[in-house]
Amino acid sequence: MTDSKCDPGKFGLECEKTCNCATDEACFVATGGCPSGCKAGYYGEACQKACGPHTWGISCNQNCKDRCIDNTCNRFNGDCDKGCKDAHQPPACTLACHETYYGSNCSQKCSPNCTNSLCHPVNGHCLYCDDGSEGDFCDQPCDPYHYGILCKLNCSINCFQSKCDSVSGQCEQCCPGLTGKFCQSEKEQSDGTSIGIGIGVAIGVVVTSLLFIIAAVLLHRMRILSLGRNQKIKKEKPENIPGIKLESEQHKIYTEAIETEEIDLQVSSSPYTNQNVHTYDVINLQDVEKSDYHKLNI
């Protein structure tokens, strides 16, 4: 084999070296140089030198990406062999992390507490928190007095001690007299009203009964007093009635009749005198003899 003739792709005195041309063309047998330039990853007159850690491509004319860790890359295709920084996807590190991943090489998953599992691609902080949680990673529940997105909403003042569910805001317990999920309504007083009405009716019945009893007692007493007065008039002795004079025997007969309540006194005008005198009407003569009756000076 002469130094002017080597198999395609070889060069050197003994044709022991491999050409690194950008195309499949043959290199110069004496020097190994390529008319079209060196292929990716090599540079130099003979295209035998490998690119440095920070360059890549044809004749090593491209720099590695800044997103590559340590700014080093594959000398042939420019991929970041050590990985990506600033939340980009390896190996090329040209695309940002998927929205549910973050960190170096996008190797970390966003917190499930994040709304829709979306987070910042670099630090992983949740873009939004599900209702009822807060914090960078939405891993802290709301305090008892707040609820909703990022715990920014205040619990209703109608909630007992202003405490509510961290997600829905529904009151755990209502203040006295209120009802509803958010204690927004007043309690119906139907049961209490019925009891109150029943008590009122009972009291009214008792009071009315007492009034009737008192009225009956008073009426009874008035009747007794009235009867007493009538009894006193009937038992009034004749000698105390003006205009009546009786002999002792007549007085005795009359008194006995009066005490047995058999004679009523009536005042009438005598046809024979100008004076008013008392006459006696006998109501019951069963116990009074006619002879005694005639003894009365009528």
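Residues numbered from 1 in each chain as written. Predicted model: local features only at pLDDT ≥ 70, side-chain atom pairs only at ≥ 80, totals over all residues. Heavy atoms only, no water.

Visitor: Please explain the overall build of the chain as it appears in this structure.
Guide: Counting its regular elements, the chain contains three helices and 18 strands. Here the chain holds 298 residues, and 26% of them are scored as buried. For the chain, long-range pairs separated by at least 24 residues make up 14% of all intrachain contacts whose partners lie at least 6 apart in sequence. (Helix = DSSP H or I, 4+ residues; strand = E, 2+ residues; numbered from the N terminus. Buried < 20%, exposed > 50% of the residue type's maximum accessible area, 1.4 Å probe, protein only. Contact = heavy atoms within 4.5 Å.)

Visitor: Where do I start with the pattern of salt bridges in this structure?
Guide: If the charged atoms of two oppositely charged side chains come close together, the side chains can form a pair. Summed over the entire model, instances satisfying the criterion amount to one salt bridge. The salt bridge involving Lys 82 is made with Asp 70; its shortest N-O contact spans 3.4 Å. Of the two residues, Lys 82 is situated in the loop between β6 (62-63) and β7 (88-89) and Asp 70 in the loop between β6 and β7; the sequence distance between them amounts to twelve residues. Since its relative accessible area comes to 51%, Lys 82 is described here as exposed. (Salt bridge = Lys/Arg side-chain N within 4 Å of Asp/Glu carboxyl O.)

Visitor: Hey, could you run me through the packing of aromatic side chains in this one?
Guide: Here the distance between the centres and the angle between the planes together describe a pair of aromatic rings. In total, this model carries one aromatic pair according to the counting rule given. Seen in terms of ring centroids, Tyr 42 and Phe 76 are 6.2 Å apart; in terms of plane orientation they differ by 55°. Their pairing is tilted. Placement of the pair is Tyr 42 in strand β3 (residues 42-43) and Phe 76 in the loop between β6 and β7, with a sequence separation of 34 residues. With a relative accessible area of 16%, Tyr 42 lands in the buried category. (Phe/Tyr/Trp six-rings, centres within 6.5 Å; stacked < 30°, edge-to-face > 60°.)

Visitor: Honestly, the environment of Lys 109 in this entry has me stumped. Any pointers?
Guide: Relative to the helices and strands, Lys 109 is located in strand β10 (residues 108-109). Each C-alpha atom, one on Lys 109 and one on His 98, is 9.5 Å from the other, the two residues being eleven residues apart in sequence. Excluding residues within four positions of it along the chain, Lys 109 makes contact with Thr 100, Tyr 101 and Tyr 102.

Visitor: Hey, could you run me through the nonpolar core in this one?
Guide: In this structure, Phe 11, Cys 19, Cys 21, Cys 27, Cys 34, Cys 38, Tyr 42, Ala 46 and Cys 47 together form the largest nonpolar core, which totals nine residues. Excluding its chain neighbours within four sequence positions, the residues that come into contact with Cys 38 are Asn 20, Cys 21, Ala 22, Tyr 43, Gly 44, Cys 47, Ile 58 and Ser 59. (Core = buried A, V, L, I, M, F, W, Y, C linked by side-chain atoms within 4.5 Å.)

Visitor: Teacher, can you tell me more about the confidence of the model for the chain here?
Guide: As a note on interpretation, predicted positions should not be read in detail where pLDDT is low. On average, the chain scores 77 in pLDDT, and the residues at 70 or more come to 70%. Confidence, expressed as mean pLDDT per element, reaches its minimum in the chain at strand β18 (residues 276-282) with 40 and its maximum at strand β5 (residues 55-56) with 95. Per-residue pLDDT stays below 50 along residues 241-247; that stretch engages in twelve contacts with residues further than four places along the chain or on separate chains. In the model, residues 261-298 has pLDDT below 50 throughout and makes 50 contacts with residues more than four positions away in sequence or in other chains. (pLDDT = per-residue confidence, 0-100.)

Visitor: Please explain the state of the cysteines as it appears in this structure.
Guide: By definition, a disulfide links the sulfur atoms of two cysteines through a covalent bond. Here the structure, examined in full by the defined rule, presents 16 disulfides. Here Cys 110 connects covalently by a disulfide to Cys 119, the sulfurs 1.8 Å from one another. Sign of the S-S torsion, about -60° for the bond between Cys 110 and Cys 119, identifies this disulfide as left-handed. In this structure, Cys 110 and Cys 119 share a single accessibility class: buried. A sulfur-sulfur distance of 1.7 Å marks the disulfide that ties Cys 114 to Cys 126. (Disulfide = S-S within 2.5 Å.)

Visitor: Looking at this model, I keep getting lost on a nonpolar patch on the surface. Mind explaining?
Guide: There is a patch of nonpolar side chains on the surface, built from Val 206, Leu 210, Ile 213, Ile 214, Val 217 and Leu 218 and spanning about 550 Å² of accessible area. For Leu 210, the position within the fold is in helix α1 (residues 190-234). Given a relative accessible area of 48%, Leu 210 falls into the partly exposed group. (Patch = residues over 30% accessible without salt bridge, like charges linked within 9 Å, V, L, I, M, F, W, Y side chains within 5 Å. Areas by Shrake-Rupley, 256 points an atom, 1.4 Å probe, with all protein chains shown as cover.)

Visitor: Can you walk me through unusual backbone geometry in this structure?
Guide: A negative phi angle characterises most non-glycine residues, just as the trans form characterises most peptide bonds. Following Pro 90, the chain continues to Pro 91 via a peptide bond in cis, the omega torsion being 5°. Tracing the sequence through the fold places Pro 91 in the loop between β7 and β8 (95-96). Located in the positive-phi region is Cys 60, a residue other than glycine, with phi close to 55°. Structurally, the position occupied by Cys 60 is in the loop between β5 and β6. Relative accessible area serves as the criterion here: at 12%, Cys 60 is assigned to the buried category. In this structure, Ala 87 is a non-glycine residue whose phi angle is positive, near 60°. In this structure, Ala 87 sits in the loop between β6 and β7.

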